[in-house]
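# Overview (structure and organization)
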Amino acid sequence: DAQLGIRDAILTDALVVLQVGTKHLVGISLDSSMERWRFTSKTSSIRKIHHRTQDLLVEAEQLYSLDPHTGALNWQVQLNCYSDSACNTRVHRLDAKSIYLTGFDGRDDNLMVVDATSGLQQWPVWIGVPDAKWLGVSGNMVVIASGRAPYSLLGLDKRTGRVRWRFRPAGAEKPAAG
């Protein structure tokens, strides 16, 4: 059954964590090859897993932070992704302090910053931004390069999500000829 095949694997210090289809994550002991824990997506919508020093981030119907040793839930962020194919919310960037999510509600023009330790959303609402092809962070600034006309560059305050500046290169209001 293709839906139960291994889609991804992550190696921790004592376990290998397998993504089995879009429904399960399974922690297997390296010493005994025994299953130590299992996480199940209620809607079979696991899309991706990220291994960080302190946890596993699971992109599924919600964004979950799991303890890699026990599979216990640390926190979750509401994403409302109820199927693998219908959800476009994804982790766009990770750093030590923040998780940058793009997508939400089926549109690719929303951004949210989540605290990487607590899972708390840093902004009260998702912020509408152009199609985020590139996202960078410098100090208290989140910079987004748009992949859609008018191909602008946008600077947001990292603490509030408010637009601090916009830049559009001359002649960028239309796609390049050719």
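A brief report on the enclosed structure follows. Every chain begins its residue count from 1, and numbering advances along the sequence as written. Totals for whole chains, interfaces and linings use every residue, but because this is a predicted model, local features are given only for residues with pLDDT of at least 70 and side-chain atom pairs only at 80 or more, for both listing and counting. The side-chain figures draw on all heavy atoms in the structure; neither hydrogens nor water molecules are used.

### Comments concerning the nonpolar core
As used here, the term nonpolar core means buried Ala, Val, Leu, Ile, Met, Phe, Trp, Tyr and Cys residues forming a set that is joined through side-chain atoms within 4.5 Å. Summary of the burial criterion: residues with accessible area below 20% of their type's maximum are buried, those above 50% are exposed, and those between are partly exposed, where the area comes from a 1.4 Å probe applied to protein chains only. Ranked by internal contacts, the top residues of the largest apolar core, which has 26 residues, are Leu-63, Ile-99, Leu-101, Leu-111, Ile-144 and Leu-156. The secondary structure listing takes helices from DSSP runs of H or I that are at least 4 residues long and strands from runs of E that are at least 2 residues long, numbered from the N terminus. Of all elements in the fold, only β8 (73-78), β10 (98-102), β11 (110-115), β13 (132-138), β14 (141-146) and β15 (153-157) reach the threshold of two or more residues within this core. Examining the composition of this core, we find that four residues originate from one element, β11, more than from any other. What makes two residues a contact is simply this: any of their non-hydrogen atoms within 4.5 Å. Beyond its immediate chain neighbours, meaning those up to four positions away, Leu-63 contacts Leu-57, Val-58, Trp-75, Gln-76, Val-77, Leu-79, Val-91, Ile-99 and Leu-101. If you look at the next biggest cluster of nonpolar residues, it comprises 13 residues, including Leu-15, Trp-37, Ile-49 and Leu-56.

### Focus on the pairing of strand β9 (residues 90-94)
Regular strands place side chains that alternate from one sheet face to the opposite one. Bridging between β9 and β10 involves four bridges; their strand directions are antiparallel. Looking across to β10, one finds that Leu-94 is bridged to Ile-99. DSSP bridges decide pairing: two strands pair if at least two such bridges lie between them.

### With respect to the pattern of salt bridges
The term salt bridge refers to a pairing of a side-chain nitrogen on Lys or Arg with a carboxyl oxygen on Asp or Glu at a separation within 4 Å. Following the criterion strictly, the structure yields four salt bridges and no others. We note a salt bridge from Glu-35 to Arg-38, for which the minimum N-O separation is 3.0 Å. The salt bridge partner of Glu-59 is Arg-47, with a shortest N-O separation of 3.9 Å. Placement of Glu-59 in strand β6 (residues 56-59) and of Arg-47 in the loop between β4 (35-40) and β5 (48-51) is noted, with a sequence separation of 12 residues between them. The class for Glu-59 is buried, based on a relative accessible area of 4%.

### Some points on the environment of Val-137
Relative to the helices and strands, Val-137 is located in strand β13. On a C-alpha basis, the gap between Val-137 and Tyr-100 in space is 10.0 Å, while along the polypeptide they are 37 residues apart. Among residues more than four places away in sequence, those in contact with Val-137 are Arg-93, Tyr-100 and Lys-158.

### Notes on the packing of aromatic side chains
Only rings of Phe, Tyr and Trp enter the pairing, Trp through its six-membered ring, and a pair is recorded when the two centres are within 6.5 Å. The plane angle decides the type: under 30 degrees is stacked, over 60 is edge-to-face, the rest tilted. Summed over all chains, the structure comprises one aromatic pair. Centroid distance Phe-39 to Tyr-64: 5.0 Å. Interplanar angle 65°. Geometry classified as edge-to-face. You can see Phe-39 sitting in strand β4 and its partner Tyr-64 sitting in strand β7 (residues 62-66), a full 25 residues away along the chain. Tyr-64 gets classed as buried once you look at its relative accessible area, which sits at 6%.

### Here we look at the sheet that holds strand β3 (residues 24-29)
The strand order across the open sheet formed by four strands is β1-β2-β3-β4, and the pairing between neighbours is antiparallel. Taken across any chain shown, the strands that pair with only one partner, and hence form the sheet edges, are β1 (6-11) and β4. The mean inter-strand angle of the sheet, taken between neighbouring strand axes irrespective of direction, is 20°. Here β3 pairs with β4 via five bridges, running antiparallel. Across the sheet, the residue bridging to Gly-27 is Trp-37, located in β4. Convention adopted: a line fitted to C-alpha atoms gives each axis, helices being fitted over their contacting stretch, and angles between N-to-C directions are expressed from 0 to 180 degrees.

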